[in-house]
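Residue-level listing of the chains:
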Amino acid sequence: MDQRTLRERRRQKKRQMMIRRYTKLGIMAAAVILVVIFAVRGVIMPIMNRGKGTGSSGDDLTAQTEQTEETRSEDGEVAEVTEEVVVTDSSLASRMPLKGASDGAKVAYLTPGWHDDDEGRWYQNVDGTYFADGFQEINGSQYSFDENGYMQTGWVESGANEYYFNDDGSYNPDKRKPMLALTFDDGPSEYTSELLDCLAENGAHATFFMLGECVEVYPDMPAKMLETGCELGNHSWDHSQLTSLDYDSVASQFSRTDNAVLEACGQVPTVARCPYGSGSSDIFSIGDRPFFMWSLDTEDWRLMDVDADYNAVMNGDLTDGSIILMHDIHQPSVQASLRLIPDLIAAGYKLVTVSELAAAKGVNLQVASYSDFWDSSLSAGLVPGYEGASGPAGTLTSGSSSEEEITSGDEDYSEDEDYSDEEYYDEDYSEEEYLDDSSDEEYYDEDYSEEY
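Below is a short write-up of the structure. Everything numeric here is computed off the predicted structure, so don't read it as measured data.

## A short note on the overall build of the chain
1) Next: When its secondary structure is counted, the chain shows 15 helices and 21 strands.
2) Next: Counting only residues that meet the buried cut, the chain has 47% of its 452 residues in that class.
3) Next: Sequence separation of 24 or more characterises 64% of the internal contacts of the chain that already satisfy a separation of 6 or more.
4) Next: For the chain, the accessible area works out to roughly 22500 Å², and carbon and sulfur atoms hold 46% of it.

## Structural notes on helix 8 (residues 306–314)
Every α-helix winds through 3.6 residues per turn, so residues three or four apart in the chain are directed the same way.
1) Next: When helix 8 is considered as a whole, its buried residues turn out to be Asp 309, Tyr 310 and Val 313. Along the axis of helix 8, the buried residues cluster in a sector spanning 100°; they form a single face.
2) Next: In this structure, the buried side of helix 8 is in contact with strand 17 (296–297), helix 7 (300–303), strand 18 (322–327) and helix 9 (331–346).
3) Next: Capping of helix 8 at its N-terminal end is provided by Asp 305; its side-chain oxygen lies 3.2 Å from the backbone amide nitrogen of Asp 307.

## Some remarks on the packing of helix 8 against helix 9
1) Next: Look at helix 8 against helix 9: their axes get within 8 Å of each other, and the N-to-C directions meet at 40°. By the criterion of interaxial angle, the relationship of helix 8 to helix 9 is oblique. The chirality of how helix 8 crosses helix 9 is right-handed. When helix 8 is examined against helix 9, the residues Val 306, Asp 307, Asp 309, Tyr 310, Val 313 and Met 314 are found in contact with a partner set consisting of Pro 332, Ser 333, Gln 335, Ala 336, Arg 339, Leu 340, Asp 343 and Leu 344.

## A look at the pattern of salt bridges
Where charged atoms from two side chains of opposite charge approach closely, those side chains can pair.
1) Next: Per the stated rule, a full pass over the model turns up 13 salt bridges.
2) Next: Residue Glu 162 pairs with Lys 177 through a salt bridge whose shortest N-O separation is 3.2 Å. You can see Glu 162 sitting in strand 10 (residues 161–165) and its partner Lys 177 sitting in the loop between strand 10 and strand 11 (179–187), a full 15 residues away along the chain.
3) Next: By relative accessible area, Glu 162 is classed as buried at 17%.
4) Next: As a salt-bridge pair, Asp 375 and Lys 361 come within 3.8 Å of each other at their nearest N and O atoms.

## Some points on the nonpolar core
1) Next: One finds Leu 199, Phe 208 and Ile 341 to be the most contacted residues of the largest nonpolar core, which totals 33 residues.
2) Next: Broken down by element, the residue count for this core peaks at five residues, all from helix 9.
3) Next: Apart from the residues lying within four places of it in its own chain, the contact partners of Leu 199 are Ala 204, His 205, Ala 206, Phe 208, Cys 230 and Ile 341.
4) Next: Counting residues in hydrophobic clusters, the runner-up holds 22 residues, among them Met 293, Leu 325, Val 354 and Val 383.

Rules of the game
Residues numbered from 1 in each chain as written. Predicted model: local features only at pLDDT ≥ 70, side-chain atom pairs only at ≥ 80, totals over all residues. Heavy atoms only, no water. Helix = DSSP H or I, 4+ residues; strand = E, 2+ residues; numbered from the N terminus. Buried < 20%, exposed > 50% of the residue type's maximum accessible area, 1.4 Å probe, protein only. Contact = heavy atoms within 4.5 Å. Areas by Shrake-Rupley, 256 points an atom, 1.4 Å probe, with all protein chains shown as cover. Arc of directions from axis to C-beta. Polar contact = N/O pair within 3.5 Å; in protein donor to acceptor, adjacent residues only side chain to side chain. Axes fitted to C-alpha atoms, helices over the stretch in contact; angles between N-to-C directions. Parallel < 35°, antiparallel > 145°, perpendicular 65-115°, else oblique. Left-handed = near helix turned anticlockwise from the far one by under 90°. Salt bridge = Lys/Arg side-chain N within 4 Å of Asp/Glu carboxyl O. Core = buried A, V, L, I, M, F, W, Y, C linked by side-chain atoms within 4.5 Å.

Keep in mind these numbers describe shape, not what the thing actually does.
Here is the structure:
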């Protein structure tokens, strides 16, 4: 082989090696560019945006912001992509950065908007993040995202509320579960533990308005109430008629019960109810917490029959937002509750505490008296502290009251008025009728023996 042929082959080999080298360098450069893009869009930009207040990592936010990003089409025209982020409360979805392998199905997408993969449907923001673990309004509709960032449908629970999301993921404000607050007075008793077990088994909550002298007899019950998600209420020390006592004695009735409950479980009652439902604005101020009446009186103390107690609830007014009065000192009442709790849930009701019911209805509880949280009462401005109904992301929905209506509701509970049974509940709950049937001597004969 002559020298010319050898030189030609060497040149060809060098050229091939150079092509391979540049090809490898090009591939490596492209990989680096992609890594940088993912890092900037998925990690650095979200961090920068959070510093500017345009994102969330789970903190409560109250601002409404807009993000604008320029995109250039193939023909060179520049268009702006504007994304409005409505930030309202802690239930709002977090903005999660793409994290490489852990978000393998998502890192393949670089364009903002809705995307589908094998796991479900999710939404990418213009900064490369995606919504997760909460609610978010997008293009005028509200959506729910799970902890992995995928859109949810059907019933979604948030606190005491349950929201329904259509098959396309949008929130349906017309579909909701009616809510009821079961309340039990005059305990705890020997029957309360079984009642709490039933509530826990059915994922239901209730409010217990307790007598201080009974807490001393059953000191384990307040802690068990808290463990099952129930609410502690103060019902005075010994069921005295508070309107007949001087203010110092009224204060003692509440403080002694607070101390007994605090010693029993480490927490004082957050709500209260006056014995016989008889109170006044002065008594409410002394108690210094929200007070609760009721909208459905089962009269279980008079019936003392399991079937009659059951029917009093199931055939009573179960309007969404009702507060039901029962007593856990009576065995028939508790036995009836063991039947009606699962039956109410099967009928589509959600059983919550009075405070959970207030929160779900958009009411900021005041030192005042409450008897129901019906939509009709809310819209009429009859419920102190009503701030308007809201959807899952905090946006107002139908049924919200104006500021003027709320103010007029506060006037209904002015300090000049007395909420005795004769004035507030007319004939249905008159003090004389109730005391005639259930005076301290008669009402507590069997259940409050000398051992109390």
